Amino acid sequence: PWDITSESSSGSIEESLISDEESLNTTTVVVEDLSSKINAYEDGIASFLSGIDTSLFSRAVNSSFWNEFTEKVNNGFSGKPGWNKIKKERLDPMINWSQSQFLKSDVDTSLLFYPFSGPDFLHAFQFYPNANEYILLALEEVGSIPDFKSISEDSIQNYATNLNLFLRDIYLRSYFITGNMIDDISENKVDGVLSTLYWFIKRTGHDIISVQNVTLDSLGKVIEEKNIEDGWNSKGVDGVRFEFKNSNNELKKLIYFSCDISDQAFTGVNTRSAKYKNSNLLGFLNNMRACNTFIKSASYMMHHDRKDLSFKNIRNIILSKSKSIFQDDTGVPFRHVNQEKWDVTVYGTYEKPIKDFDRWSFMMQEDLNSFYKNSKNHGGNLPFSLGYHWQDKKQNQMLFLKK
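Residues numbered from 1 in each chain as written. Predicted model: local features only at pLDDT ≥ 70, side-chain atom pairs only at ≥ 80, totals over all residues. Heavy atoms only, no water.

Enquirer: Could you clarify how one ought to interpret helix H9 (residues 194–203) in this entry?
Expert: One turn of an α-helix holds 3.6 residues; hence residues three or four places apart share an orientation. Extensive coverage of H9 is indicated by the burial of ten of its ten residues. Burial in H9 covers these residues: Leu194, Ser195, Thr196, Leu197, Tyr198, Trp199, Phe200, Ile201, Lys202 and Arg203. Positive phi appears at Gly205, one or two residues downstream of H9, with a value of about 85 degrees. (Buried < 20%, exposed > 50% of the residue type's maximum accessible area, 1.4 Å probe, protein only. Helix = DSSP H or I, 4+ residues; strand = E, 2+ residues; numbered from the N terminus.)

Enquirer: Honestly, the environment of Ile354 in this entry has me stumped. Any pointers?
Expert: Within the secondary structure layout, Ile354 lies in the loop between strand E11 (342–348) and helix H13 (366–373). For Ile354, a relative accessible area of 18% gives the class buried. Separated by 35 residues in the primary sequence, Ile354 and His389 place their C-alpha atoms 7.2 Å from one another. Excluding residues that lie within four positions of it along the chain, Ile354 makes contacts with Tyr388 and His389. (Contact = heavy atoms within 4.5 Å.)

Enquirer: I tried to follow the packing of aromatic side chains on my own but got confused; where do I start?
Expert: Each pair of aromatic rings is reported with the distance of its centres and the angle of its planes. Throughout the structure, instances matching the rule amount to 31 aromatic pairs. Taking the centre distance of 4.8 Å and the plane angle of 50 degrees together, the rings of Tyr114 and Phe294 count as tilted. Remark: Phe294 occurs in strand E9 (residues 291–295) and Tyr114 occurs in strand E3 (residues 111–115); sequence separation between them is 180 residues. Its relative accessible area of 1% is what places Tyr114 among the buried residues. The buried category is assigned to Phe294, whose relative accessible area is 0%. With centroids separated by 5.6 Å and ring planes inclined at 80 degrees, the aromatic side chains of Phe257 and Phe284 adopt a geometry described as edge-to-face. Of this pair, Phe257 sits in strand E8 (residues 251–258) while Phe284 is found in helix H11 (residues 279–286), placing the two residues 27 residues apart along the sequence. Taken as a pair, Phe257 and Phe284 share a single burial class, namely buried. Through a chain of ring-to-ring contacts, the aromatic side chains of Trp97, Tyr114, Phe127, Tyr128, Phe294, Phe326, Tyr347 and Phe384 assemble into a single cluster. (Phe/Tyr/Trp six-rings, centres within 6.5 Å; stacked < 30°, edge-to-face > 60°.)

Enquirer: Explain the environment of Ile145 here, please?
Expert: Assignment of secondary structure puts Ile145 in the loop between strand E4 (133–138) and helix H6 (153–166). Sequence spacing of Ile145 and Tyr159 is 14 residues, and the spatial spacing of their C-alpha atoms is 9.6 Å. Sequence-distant contacts of Ile145, defined by excluding residues within four places in its chain, comprise Ile45, Leu49, Tyr159, Leu194, Ser195 and Tyr198.

Below you can see the structure in the form of structure tokens.
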């Protein structure tokens, strides 16, 4: 579906032979200009919410509000850094490192799979800017975007301000704090994570072509979700699919599913909430093509193997589908990585889990700690901080390449 070139030729075989005698026969490749497909309304929303411009936005914007709003987006607020600071100190070093030290072959153009992601397209893009498709899975509701054509000017301004507040943990820590997201969404400051995806897609230099609510049929195929009752989430839509283009006129796709990816949710047994019984999602993941997998700040969920909470299915899917896995220590436990099947390089510094998680002794991985201490396995330090160790800067990342 991402082949946007076509070849054209005309004339008979005889004509071709005559042409060959006169000159080399060349093939014309016609590349569709995707600019004509940009959705002005959706892209205008993204440009406005991310503080880039208001040229395509559906309403006139008060200049005093806009100046104050963009100042906070770009330069920070209430002691939180803004876009300019995180771009300089975190995002630029990440993308520069990834281009010089990371995946160096056509593997980086593959599908990027990001479980336990929240709506964090931002950091996935820094490591995988050439991916043609991104699949993000997280518990948080998709939500909705207001009808900016009909709501009041005050409502528009409050929504944009609240979204900037919603992003405070990404600005400061590089990851969303689930409790803060739940509070913000439940207090109606922001309806779900949808607006955040608009923000990240636009701020990473993309133009939006389409936005569609999606779910999965019984075979795990992505289909449009026309009614909420068609999907597994009885309170809202199951997922959203974006199509967008980059500055090189390359078509990209992002799918975000609001879902529980525990074994209990896949089977519908002892699941935490009826809305998360999503066996269709397991079919979708089992049919997923080969991918690169990115995991960070995942609350060590795949380390649990209890009767009431386990993640063997998603762990096995990651290990079987991935051509590469780039993760911190919160991802697939190191003991499950068979080094006869994977080339392993570690980066940065491995430390015990932060105090929020150190009450579970098994989350300190002694085998990983020993692997880190062997200099032959080490690929060097990291020029950025990402994840739970954002304060002490003792960041760890591991790259597994399938042999």
